[in-house]
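Spelled out from the first residue to the last, the chains are:
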Amino acid sequence: MCGIFGCILKEGDAAPIVHDALKRLEYRGYDSVGEATIHDNKLFIKKDQGKIEEVHALHNLDNLPGRIAIGHTRWATHGAPSMRNAHPHIDCNGQIAVVHNGIIENFSELKKDLEEHGHLFQSKTDSEVVPHLIEEKLKGGLTFLEALRETAKHLEGAFSLAVISVMEPNKIFCIRKESPLIVGIAKNATYCASDIPAIRPLTDKAVTIENGELVVLEDEGYKIWRIADWSRISRNPKIIPWSPEMAEKQGYPHFMLKEIHEQPPSLRNTLRLQEKYLDLMTAFLDRAKDVFLVACGTSYNACLAASYMFSKLALLATHPVIASEFIEQQGRAINIDSTILAVSQSGETADTLSAVEYARLRAATVLGLTNVIGSTLTRISRVYICQQSGPEIGVAATKTFTAQLSVLAQLAFRLAEKRGKVSHEEIEQLEEKLIQIPDIAEIVIQNQKKKIEQIAKKYYSKQCFFFLGRGISSATALEGRLKLLEIAYVPAIAFPAGESKHGPLSLVEKGFPVVFVCPKDENHKTSVGNIMELKARGASIIAIIEEGDEEIKNIADDYIEIVKGVPEVLSPIVYVIPLQFFAYYTVVHRGLDPDRPRNLAKSVTVK
Ligand code: G6P
């Protein structure tokens, strides 16, 4: 996830406006920043790695001439944060500048082809193919607009682009496929941006650009075309109903709620990872004698779920280990044959990094899964994968958890296939299902949100909760419990439901709330038995079930239904969503701030 912005002023310098707008987009990424302007038929560019104000302190982002400008704030997906990889990117002749948000899936093929035609690339990004491709199309005698249209047709993936060129010095060209793009209209200026927060203080009039559209900004306003059939679209601006403050959270009262809603697109991004890294990591996992899944907090819960995926699909036993215990628990068993898959959203968690450093000293292979390219974990891993969720601001991890699960599932599928442990057909079916998961997540979010809010209202003042599940759902339950505990300050206990009789059952009395994650999988029958035992002792059951599970509907006090047909190994990705909402609404009813729980930090860099 990155932020793009563009601006055409009737008069005055655009650079300071771009700089300010980028600050409002920083929540979309903040590892690098850059701006390009046009003045006197020349392009002027400033860009570097670092947060906006750090780069500004070094380069003065306001000091670029010209009334037309584009800008970018980056969250790396391809190529570590560096000056070269920062946007804007230019063509060989320095006549075209491009900023890009999204992922260009076929960039390797395009880059190879362009290099064969003599293009020289400066960066390791996917984005740089765009200015070179436009340049290449122009060589064939097309107008700038035609070249852009042809370029758009060749790009696969998700992207929004803003392009300026000395060949068309009074315009900004934008293209949208999936990644968001809006145009803002003011009296003396026209803007384009990834998101409303960037333009909201400048205007309250915006036009949403739809998938597959190309828009040209000019002094007189904007023109939109549908790329596929080159038809002109007429669309009037609408008034933005949000104040600048609301716009930052896209109208949601809290970042956590916004990020829960961002899960469908964030899951879609995980389906666009580069195959070669997934394959490489799979090869390392296949060769390993012992595999340790090492992480803290939510990332540990993802590892726990992954251990079920690996054993059920690839018949590979793995050891999920809480990073702070890794050295004590497993240290002496680590050697050259061990493989450590470290999972860390931030890539900076001190306990995870110490475990990894220790394993490296003992010659083990280190693999990393993180959301932050350029983080310490990416620098010390033999192979790393970036989950591409974009920045997460709420302290409680939500969209990054489900994205981790999606990546880990893809690894498990590949490993299963490589080891020949599961039929090709079965893997294909699972892959098909994984592709549907973002849509299923969307349905759960839209259909169940209200009901969960009501359930949270009923239970928010309870003193203690159980979160239970069996099999892979015990990992889902553990994550649901962590959400509630960390943001609502409600003591909560999670354990595999089979453990109830070995102690926890003694806590249960009339009205004791138990959240039971109970998909219709192999464990269903036993789970029903566990629910009956709890009910017999007076517990109130809130069950997360598959749609139409009449058996549990009849015995649960409250239930949330999940769309049918989610395979067991993928169930945590969807079944955790009601639990995220449950924690969120409990916090709201308790009058607390879910984004900033007391005593906690987003990234824990001390041991
Ligand atoms: C902190 C955060 C959690 C996170 C954990 C691990 O406790 O509040 O949300 O799960 O650190 O962070 P990591 O960045 O390593 O995934």
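Asks: Hey, could you go over helix α18 (residues 524-536) for me, with residue numbers and the actual values?
Replies: Compared with an ideal rise of 1.5 Å per residue, which puts 13 residues at 18 Å, α18 spans 18 Å between its outermost C-alpha atoms and is within 8% of the ideal. Elements in contact with the buried residues of α18: β21 (465-469), β23 (513-518), β24 (540-546) and α19 (550-555).

Asks: Quick one: what's the story with the pattern of salt bridges, residue by residue and with numbers?
Replies: One pass over the full model with this rule turns up 29 salt bridges. The residue Lys139 makes a salt bridge to Glu136 at a minimum N-O spacing of 3.1 Å. Of this pair, Lys139 and Glu136 both sit in helix α4 (residues 129-139), three residues apart, which is roughly one turn of the helix. Exposure remark for Glu136: the relative accessible area of 22% places this residue in the partly exposed category. Salt bridges sharing common partners tie together Glu105, Glu178 and Arg272.

Asks: Help me get a handle on the packing of helix α10 (residues 275-287) against helix α15 (residues 399-418), residues and values and all.
Replies: Two elements in contact, α10 and α15, have axes whose closest approach is 9 Å; the angle formed by their N-to-C orientations is 60 degrees. Classified by the interaxial angle, the pair formed by α10 and α15 is oblique. For the pair α10 and α15, the crossing hand works out as right-handed. In this structure, α10 uses Glu275, Leu278, Asp279, Met281, Thr282, Ala283, Leu285 and Asp286 to contact α15, whose residues at the interface are Val407, Gln410, Leu411, Arg414, Leu415 and Lys418. In terms of residue class, the contact of α10 with α15 is built from seven nonpolar, two polar and five charged.

Asks: Which residues make up the packing of aromatic side chains, and what are the values?
Replies: Within this structure, the stated rule accounts for 11 aromatic pairs. Between the aromatic rings of Tyr584 and Tyr585, the centroid separation amounts to 5.1 Å while the plane-to-plane angle is 75 degrees, which identifies the pairing as edge-to-face. Exposure class is identical for Tyr584 and Tyr585. Each is buried. Taken together, Phe465, Phe467 and Phe582 form an aromatic cluster joined through their ring pairs. Lying across the ring of Tyr559, Lys451 places its NZ or CZ 3.8 Å from the centre.

Asks: How would you explain the site of the ligand if you had to name every residue and give the values?
Replies: Residues in close proximity to the ligand total 13 residues, the closest being Ser299, Ser344, Gln345, Ser346 and Thr349. For the ligand, an oxygen atom lies 2.6 Å from a polar atom in the side chain of Ser344. The separation between an oxygen atom of the ligand and a polar main-chain atom of Gln345 is 2.7 Å. Burial of the ligand by the surrounding chains reaches 89%, relative to a free accessible area of 380 Å². Across the shell around the ligand, the residue classes break down as five nonpolar, seven polar and one charged.

Asks: Run through the nonpolar core, naming residues and quoting values.
Replies: Core analysis: the largest hydrophobic core is formed by 87 residues, its most contacted members being Phe465, Phe467 and Phe582. When near neighbours in sequence (up to four residues on either side) are disregarded, Phe465 contacts Tyr459, Leu484, Val490, Pro491, Ala492, Ile493, Phe512, Pro513, Val515, Ile542 and Phe582.

Asks: Tell me what's going on with the domain arrangement of the protein chain, and back it up with residues and numbers.
Replies: Looking at the assigned domains, one finds that the protein chain contains domain 1 (3-246), domain 2 (254-422) and domain 3 (442-601). In this structure, domain 1 and domain 3 have C-alpha centres spaced 44 Å apart.

About the cut-offs
Residues numbered from 1 in each chain as written. Predicted model: local features only at pLDDT ≥ 70, side-chain atom pairs only at ≥ 80, totals over all residues. Heavy atoms only, no water. Helix = DSSP H or I, 4+ residues; strand = E, 2+ residues; numbered from the N terminus. Expected span 1.5 Å × (residues − 1). Contact = heavy atoms within 4.5 Å. Salt bridge = Lys/Arg side-chain N within 4 Å of Asp/Glu carboxyl O. Buried < 20%, exposed > 50% of the residue type's maximum accessible area, 1.4 Å probe, protein only. Axes fitted to C-alpha atoms, helices over the stretch in contact; angles between N-to-C directions. Parallel < 35°, antiparallel > 145°, perpendicular 65-115°, else oblique. Left-handed = near helix turned anticlockwise from the far one by under 90°. Nonpolar A, V, L, I, M, F, W, Y, C, P; charged D, E, K, R; others polar. Phe/Tyr/Trp six-rings, centres within 6.5 Å; stacked < 30°, edge-to-face > 60°. Lys NZ or Arg CZ within 6 Å of the ring centre and 35° of its normal. Near = heavy atom within 4 Å. Polar contact = N/O pair within 3.5 Å; in protein donor to acceptor, adjacent residues only side chain to side chain. Areas by Shrake-Rupley, 256 points an atom, 1.4 Å probe, with all protein chains shown as cover. Core = buried A, V, L, I, M, F, W, Y, C linked by side-chain atoms within 4.5 Å. Domains from an automatic or database assignment.

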